[in-house]
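Chain and residue survey
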Amino acid sequence: MKTRRARRTAVSIAVAAALTGVAACSSAGGSRGTGGSGTEDRAGARAATRVSPVAELRAAEKSTDAADSARVRSTTTMGSLLSMTTDGSLAWDHGISGTVTITYTGGSTAELMRKLGTTSMEARYLPDAYYARMSDTFAAQTGGKHWIRYGYGDLASVAGGSGALLKDQMQNTTPNKSVQMLLASGDVRKVGEEKVDGQATTHYAGTVDVTDLAGRSSSLTAGQLAALKKQLTQAGVSTETVDIWVNGQDLLVKKTEKAATANGTMTQTAHYSDYGVKVSAQVPPAGDTEDFKALLKAQGATGLTS
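Residues numbered from 1 in each chain as written. Predicted model: local features only at pLDDT ≥ 70, side-chain atom pairs only at ≥ 80, totals over all residues. Heavy atoms only, no water.

What to know about the nonpolar core
The following threshold applies: By nonpolar core we mean a set of buried residues, namely Ala, Val, Leu, Ile, Met, Phe, Trp, Tyr and Cys, connected to one another through side-chain atoms within 4.5 Å. Partly exposed residues are those whose accessible area sits between 20% and 50% of the maximum for their type, while under 20% is buried and over 50% is exposed, using a 1.4 Å probe and protein chains only.
Ile102, Tyr125, Tyr130 and Ile244 are the most contacted members of the largest nonpolar core, which totals 46 residues. Among the nonpolar cores identified, the runner-up in size contains five residues, and Leu126, Tyr131, Trp147 and Ala281 belong to it.

Some points on the pattern of salt bridges
Put simply, the rule is: What makes a salt bridge here is a side-chain nitrogen of Lys or Arg within 4 Å of a carboxyl oxygen of Asp or Glu, nothing more.
Using the criterion set out here, one finds nine salt bridges in the structure. In this structure, the salt-bridge partner of glutamate 257 is lysine 255, at a minimum N-O distance of 2.6 Å. Each member of the pair glutamate 257 and lysine 255 is classed as buried. When salt bridges that share partners are traced, they join Asp128, Arg149 and Asp291 into one network.

Here we look at the confidence of the model for the chain
Heads up, the rule is: Note on scores: pLDDT gives the predictor's confidence for each residue, bounded by 0 and 100. Numbering of helices and strands runs from the N terminus; a helix is a DSSP stretch of H or I covering at least four residues, while a strand is a stretch of E covering at least two.
Averaged over every residue, the pLDDT of the chain is 75; the share at 70 or more is 66%. When pLDDT is averaged over each helix and strand of the chain, the minimum, 44, is found for helix α2 (residues 39-49) and the maximum, 95, for strand β7 (residues 189-196).

A few points about the sheet that holds strand β5 (residues 129-133)
What counts here: A pair of strands is considered paired only if DSSP assigns at least 2 bridges between the two. For helices, the fitted axis covers only the stretch in contact; all axes are lines through C-alpha atoms, and the angles between them, taken along N-to-C directions, range from 0 to 180 degrees.
Across the sheet, which stays open at both edges, the 12 strands sit in the order β7-β8-β9-β10-β11-β1-β2-β3-β4-β5-β6-β12 with mixed pairing between neighbours. If you trace the sheet from one side to the other, it starts and ends with β7 and β12 (289-291), each paired once. Averaged over all neighbouring strand pairs, the angle between strand axes comes to 20 degrees, with direction disregarded. Pairing of strand β6 (residues 147-151) with β12, which is carried by three bridges, proceeds in the parallel orientation. When the bridges of β12 are listed, isoleucine 148 appears paired with glutamate 290.

Some details on the environment of threonine 99
Counting through the fold element by element, threonine 99 comes out in strand β3 (residues 97-106). The exposure class of threonine 99 is partly exposed, given its relative accessible area of 24%. Separated by 27 residues in the primary sequence, threonine 99 and leucine 126 have C-alpha atoms spaced 9.0 Å apart.

In structure tokens, the structure reads:
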């Protein structure tokens, strides 16, 4: 019984990492290359013509749509539940793919991870599934297997609206979605010019209705959206403030999202750089991998709750 509880806790933690990690990863934005000549000229031209914030964001959206890959680093906090960092490289030309390291730095989730032998894990994103490498302590509870495989279709079938949204994000979300968030909100304003990560950027901000955003930016069915809305309501999430910083080449340099939840305030900040970086992600060895749906079945569980 004790082992079963520990195993279920481990699965729940890993799934939580998938849900929070992909939020940063699948929203990564940018275009080819950063820096270089032309940045100042482009920024100067913008100032001279006084282009509207919406027009500027549309230009940024088009640039991000042409992107292939980038280095992503982010920090996420959610009340006393968790604080974590994500660092890695991702490509999005055929869905999200790449490898990142997720490190839990605080909160109750970090404490649970310590009990499983580590506060850091490697995550691999591939076209059909997400893989999370757990600790030796966890492997001792799963027949010696370190990796958990999360098939996107399985996540959609067992996690309700949030799982369906995650599946859609992992397979269809492109980096320009982060810019589309503000364009779709109808609440876009230019905050001003700021320097971020050594670059001159323009800061934009707005407030987004979370459920409305999911409907606009995903391919979820009416039933899936209804389930998602119910889950968001139960989680205490209704609106989210979004801030993005775009440089003179229409590249997303930074994004911050903030929302109130039942677990406390959720804040996530992501930084993007090294556009065009080479990205690779390999499927872990089959002999060292267990499917999360099989783990749930072995525990007699039917969903992603602990």
